[in-house]
Amino acid sequence: MTGAELLLRSLEAEGVEKIWGYPGGAIMPVYDALLDSPIRHYLTRHEQGAAFAAQGYARSTGEVGVCMATSGPGATNLVTGIADAYLDSVPLVAITGQVPRHLIGTDAFQEVDMLGITLPIVKHSYLVTEPESIPQVVRQAFATAREGRPGPVVIDLPKDVAQAEVPGLPEAGLPEKCAPAIGLFGAPSAATPPDPPGADGLADATELLRASQRPVIYAGGGVEKGAAVDALRRFVAGTGIPVVHTLHGLGGIASDHPLFLGMLGMHGTRAANHAVQECDLLVAIGVRFDDRATGKLSEFAPEARVIHLDIDAAELGKLRVPHAAVRGDLRLALDALERSLDIEPWRQQCREWKQRWQWRYDAPFDEVYAPAMLRQLSQQAPSGSFVVCDVGQHQMWVAQHWCFEHPRQHLTSGGLGTMGFGLPAAIGVQIAHPEATVLNVTGDGSILMNVQELATIRRYNLPVKIVVLDNSALGMVRQWQECFFDNRESEVDLSDNPDFAEVARAFGIPALAIDRTQQVAGALDLLLESRGPMLLHVHIDRQANVWPLVPAGANNSQMIETSQASQSKPVTASL
Amino acid sequence: MSGSLALDISPGTSALERLLSVVRRRGFHVDALQAVRNHHKNRSLTVELTVSGERSVEVLSRHLSNLADCRLVAVHADSECSARRAS
Ligand SMILES: Cc1ncc(C[n+]2csc(CCOP(=O)(O)OP(=O)(O)O)c2C)c(N)n1
Ligand SMILES: [Mg+2]
C-alpha cells in the first residue's frame, strides 16, 4: 500500500467519513487513493471554503473536521480557516500536500513552509518525514485536536511520502496502547477524560459563593466545548444566579430563560453589562476575558471577586487573577459547587434591569428592520435549526435578537471575526445535519468573500437558506467611522453591489428580494418552506446601527446608543 | 516579570521553534538560552531559558506546558505583578 492509502486507512480508523478539500500537484496521490476509499470528499471552490466547511461540521457536531489542500497556494488558502479554528477552539485537522522531501528547502515549485507559517495558530503540527509514521501521526493529530481545549492540527505530507510503499495498518487497526508516541511525549488519547477539577479551587469557590450577595455567571464557549451545557443549566436552576453570556456562550441557557440577562460586552445588553459591573462575585465559566466581552479590563466588574473555571490552565490568571481557580472538567466542577444561596433581592434587581431595558421592535418605518426580522426568523424556524453568521452588524444583530436554544446551533467566527465564514461553514453544518434547517445570515460584504461556495451548495443540492442583509455598505466599519472618525466614510460604500438574487440564480439557486416590512412575513414563510437551497436578499437601511455600543477601550458601563451623526434620526435599534 | 524555565522538548527542531514562538508571542524577551541534546532521554533537548517581560512568567509556563512536544521541568518567577486582581 502507498503512504496515501495508509493515510486514508488511518483517517477511516478515526471514524472520518467526510472531508472537504481541493486537489493539486503535491496532494494528487491522496486524491487518487480517495477514489478507492469510503470517505466522501466534498469539493469546495476555494480552499478557504474547505477549511470553513470542515469547521461547520466540527462546530455543529463536536467531532473533528477534516480539510485538505495541495502545497503552496492551496495550503496558504487554508491558513485563515486554521487561524479561525485556533481562536475559537475548534477541533480541525488540516492535511496539506508538500513538495517531495528532497526538494524541501530548495524553493521548489509550490513549496511553502506550512509548518512554519502555521506555527502560532495550531495546537500542534507535523511534517511527515517517515511514511511508516502516518498512522501514529493521524492518531495523535486527532487526539490533540479534540482533547482538553480543542484546536487545529496541521499534517503536512510530502508527495514522495504519500507515494512511498509501506506496510499497511495492522489488521486490528491501531489500538490505543500500541500507538507509539510521536515526538517525545505524544498526546493524550481521545479517550482520555478531562482532568477532574482541583479540590482546593472548589473549596475556595464554595466559600466565595456562600459569601456573595450579588453573584453573576459569565459563561462562554468553553461550556459547550466541555459538554457542560446541562451542568450549567443545573447550576443555574439550583442557585438562581443571573447569567450573562459571551458571543460563543449564547444558548448555554435558553434566551428566554428568566435569569438570562443577555450578551455582555461591546454589543451586550444594558442589563448584562450593568449586572456585571455591579456584581460582587463573577462566576466565570469557560471564558477567556476577551476584550470584546470585558471592555476596559482594569474597570471590568470592579467590585467582583472572581471564580474562574476552565479546562485550560493557561487561561487562569492570563488576564484577571481569580480568587478561586478551578481547572478541569467543567461538568464535575459545576456539579460540585455550592447551591444554596440567599440572593433574592439581587435577583429581583436584575429582573428589574432586564425589564427596564428590554428590546423594542416597534420600528415606525416601512423599511425592513433587521433586528425584528431576525427575531421573527428565529422564532419561526423549526426547533433544532442552526444559524451560521458572517461578520459585521448582521452578526451582532443575530447575537442580540436570536432566540437561542443551544450554543451548538449558533456558529459564528468570534475570535478571528472572519468575513466569509458563514456560507462555507453553513455547508459543513448542512452536510453534518442533512435534515436540519440551516440558516446563513450574511452581509453584502461578507457573502462576496466566499460567494464561490454557492456552486458547492448547488453541486451537492444542500438546502441551505441564505439571508443577505444588504445595507449597501461594510456596515460595521461604516458605523465605527460614523461614531469614532467623525463620520468620515472611507472605503465602506457598496452601493454598486451586484443583484444578489440574480447571482444566486446564476448558480442555480432560487432567490427572492425584499425591501419592505410588509414583505417580511411572506418571504420568511417561503424561505423556511422551500425544500432546497434559497437566497433571500433583504435591502435594509444603510444608516442602521448596532446599539448599544461600548467604544473600544471604554469600560462596559459606558454604553452609547447614538452617534453625533445619527442624532437627528430615530434610533430604533436601542434598548 | 523575569524568570527562568527548564524544559524538555522533542528532538525535532520544530519543537524549539514552537517554544520560542510562544515566548515571543506571549510578550517575553529571551535573555539567555541553552539547549543541550540529551543522549539518554530519547534524544530530547533540555532547554534552560531566562526570560523577561511585562506579564506573568507563571502564565507563560502554562502556555508552554500546553505544547504537545514540550514538558515543563521547572519554573522560577523572580517577581509577579502583571495580571490584575480586584479585591
Ligand atoms: C476577512 C475580513 N476582512 C475585514 C474585516 C473587517 N470588517 C469587520 S465587519 C466588516 C464589514 C462587514 O460588512 P458586511 O458583511 O456587509 O456586514 P454589515 O456590517 O454591513 O452587516 C469588515 C470589513 C473582517 N472582519 N474580516
Ligand atoms: Mg453590509
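First, a word on scope: everything that follows refers to the structure included in this document. What you see is a predicted model, and the numbers here were worked out from it, not measured in a lab. (Residues numbered from 1 in each chain as written. Chains lettered and ligands numbered in written order. Predicted model: local features only at pLDDT ≥ 70, side-chain atom pairs only at ≥ 80, totals over all residues. Heavy atoms only, no water.)

1. Remarks on helix 3 (residues 47–61) of chain A
Residue and element names in this part refer to chain A. Our working definition: By definition, any uninterrupted DSSP run of H or I lasting at least four residues is a helix, any uninterrupted run of E lasting at least two residues is a strand, and each is numbered from the N terminus. Under the convention used throughout, the expected extent of a helix is 1.5 Å for every residue step, that is, one less than its residue count. Per-residue accessibility, obtained with a 1.4 Å probe over protein chains only, is compared with the maximum for each type, and a residue is labelled buried under 20%, exposed over 50%, and partly exposed between these values.
Over its 15 residues, helix 3 extends 21 Å from the first C-alpha to the last, a length consistent with the 21 Å expected when each residue adds 1.5 Å. Helix 3 sits mainly inside the fold: 15 of its 15 residues count as buried. Immediately downstream of helix 3, the backbone of Gly62 shows phi near 85°, a positive value.

2. Description of the site of ligand 1
All names here are of chain A. The following threshold applies: Throughout, the term near means that a residue has one or more heavy atoms lying within 4 Å of the molecule or strand in question. Polar contacts here mean pairs of N or O atoms no more than 3.5 Å apart (in protein, one a potential hydrogen donor and the other a potential acceptor; neighbouring residues in sequence count only if both atoms are side-chain atoms). Note on areas: Shrake-Rupley with a 1.4 Å probe; residue coverage comes only from the protein chains shown.
Among the 17 residues in the neighbourhood of ligand 1, the closest are listed as Gln393, Gly417, Asp444, Ser446 and Gly475. The side chain of His394 places a nitrogen or oxygen atom 2.8 Å from an oxygen atom of ligand 1. For ligand 1, an oxygen atom lies 3.1 Å from a polar atom in the backbone of Ala473. For ligand 1, whose unbound accessible area comes to 590 Å², protein coverage reaches 77%.

3. What to know about the interface of chain A and chain B
What counts, and what does not: Any two residues having at least one pair of non-hydrogen atoms within 4.5 Å are treated as being in contact. We define a salt bridge as a side-chain nitrogen of Lys or Arg found within 4 Å of a carboxyl oxygen belonging to Asp or Glu. For this classification, Asp, Glu, Lys and Arg are treated as charged, while Ala, Val, Leu, Ile, Met, Phe, Trp, Tyr, Cys and Pro are nonpolar and the rest, including Gly, are polar.
Contacts between the two partners involve 28 residues from chain A and, on the opposite side, 25 residues from chain B. Scanning the region where chain A abuts chain B turns up zero salt bridges. Here chain A is connected to chain B by five residue pairs in polar contact (both at pLDDT 80 or more). Counting only elements with at least two residues in the side of chain A that touches chain B, the list comes to helix 5 (114–118) and strand 5 (124–127) of chain A. A per-class count over the side of chain A that touches chain B returns 17 nonpolar, eight polar and three charged.

4. Examining the sheet that holds strand 9 (residues 260–263) of chain A
To summarise the sheet geometry, strands pair through backbone hydrogen bonds and adopt either a parallel or an antiparallel arrangement. Residue and element names in this part refer to chain A. Here is the rule: Being paired, for any two strands, means DSSP has found at least two bridges between them. Each axis is a line fitted through C-alpha atoms, and for a helix only the stretch in contact is used; angles between axes span 0 to 180 degrees, taken between their N-to-C directions.
In spatial order, the strands read 9-8-7-10-11-12; together these six strands make up an open sheet with parallel pairing. The sheet terminates laterally at strand 9 and strand 12 (324–327), the two strands that pair on one side only. Strand-to-strand twist of the sheet, defined as the mean angle between neighbouring strand axes without regard to direction, takes the value 15°. Here strand 11 (residues 305–310) pairs with strand 12 via four bridges, running parallel. The residue of strand 12 that forms the bridge with Ile307 is Ala324. The strands touched by helix 8 (residues 199–211) within the sheet are strand 10 (281–285), strand 11 and strand 12, with strand 12 carrying the most contacts at an inclination of about 135°. Sheet contacts for helix 10 (residues 229–239): strand 7 (215–219), strand 8 (243–245) and strand 10; angle to strand 7, the most-contacted strand, approximately 170°.

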